[in-house]
Amino acid sequence: VGRCLQLWIQASFLAMAFHSEGAGAKDKVVVACVVSALILLHRAAHGMKALGCTGLPVLILIVGFVIWSGAKVAFAFICEEHLWNLTTGCVKRNHGE
């Protein structure tokens, strides 16, 4: 579960620091998110093999975090403000208003 939070924080960092990062830094964060997601999915698959059906809730949780974080990364490039929330979609920030 800790690695799920790490992936979510990496995706959030990309969105929050989008304007202050250079193109190379954005690429590195995206690659780090992809690698983290692959490691999570790999470990979840092995855990599912070891635990059988009792590991299914954990697998579903991990896959959900990977999809959620992947969406945050994708919408960092799509949304105007580079922020996306699961419940509200693209977020509009008030700049000092």
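This is a predicted model, so every value here is computed, not measured.

Chemist: Describe the nonpolar core, and please don't skip the residues or the numbers.
Modeler: Membership of the largest hydrophobic core comes to 17 residues, with the highest contact counts inside it found for Leu7, Leu14, Leu40, Ile62 and Val66. For this core, the secondary structure elements donating two or more residues are helix H1 (2–16), helix H2 (23–51) and helix H3 (56–78). Once residues within four sequence positions are removed from consideration, Ile62 is found in contact with Cys4, Leu40 and Ala44.

Chemist: Describe unusual backbone geometry, naming the residues involved and giving the relevant values.
Modeler: A positive phi angle, close to 70°, is found at His82, a residue other than glycine. With respect to the helices and strands, His82 occurs in the loop between H3 and strand E1 (84–85).

Chemist: Give me the pattern of salt bridges: which residues, what numbers.
Modeler: Going through the model one piece at a time under the given rule, you end up with one salt bridge. Here Lys92 ties to Glu80 by a salt bridge, and the two come within 3.1 Å at their closest N and O atoms. Of the two residues, Lys92 is situated in the segment after strand E2 (89–90) and Glu80 in the loop between H3 and E1; the sequence distance between them amounts to 12 residues. Comparing Lys92 with Glu80, the two get one shared label, exposed.

Chemist: So what's going on with H2? Which residues, and what values?
Modeler: Taking 1.5 Å per residue, 29 residues should reach 42 Å; H2 reaches 42 Å between its end C-alpha atoms and fits that length. Listing the buried residues of H2 in full gives Lys26, Val29, Cys33, Ser36, Ala37, Leu40 and Ala44. On its buried face, H2 is in contact with H1 and H3. Once H2 ends, the next one or two residues include Gly52, with phi positive near 70°.

Chemist: A description of the side chain of Ser69 should follow, citing residues and the corresponding values.
Modeler: Within the fold, Ser69 resides in helix H3. Judged by relative accessible area, which is 1%, Ser69 ranks as buried.

Chemist: Help me get a handle on the environment of Leu38, residues and values and all.
Modeler: One can find Leu38 in helix H2. When its relative accessible area of 55% is taken as the criterion, Leu38 is described as exposed. Note: C-alpha distance between Leu38 and Val66 (28 residues apart in sequence) is 8.9 Å.

Quick notes on the rules
- Residues numbered from 1 in each chain as written.
- Predicted model: local features only at pLDDT ≥ 70, side-chain atom pairs only at ≥ 80, totals over all residues.
- Heavy atoms only, no water.
- Core = buried A, V, L, I, M, F, W, Y, C linked by side-chain atoms within 4.5 Å.
- Buried < 20%, exposed > 50% of the residue type's maximum accessible area, 1.4 Å probe, protein only.
- Helix = DSSP H or I, 4+ residues; strand = E, 2+ residues; numbered from the N terminus.
- Contact = heavy atoms within 4.5 Å.
- Salt bridge = Lys/Arg side-chain N within 4 Å of Asp/Glu carboxyl O.
- Expected span 1.5 Å × (residues − 1).

Geometric descriptors of this kind do not, in isolation, establish any biological role.
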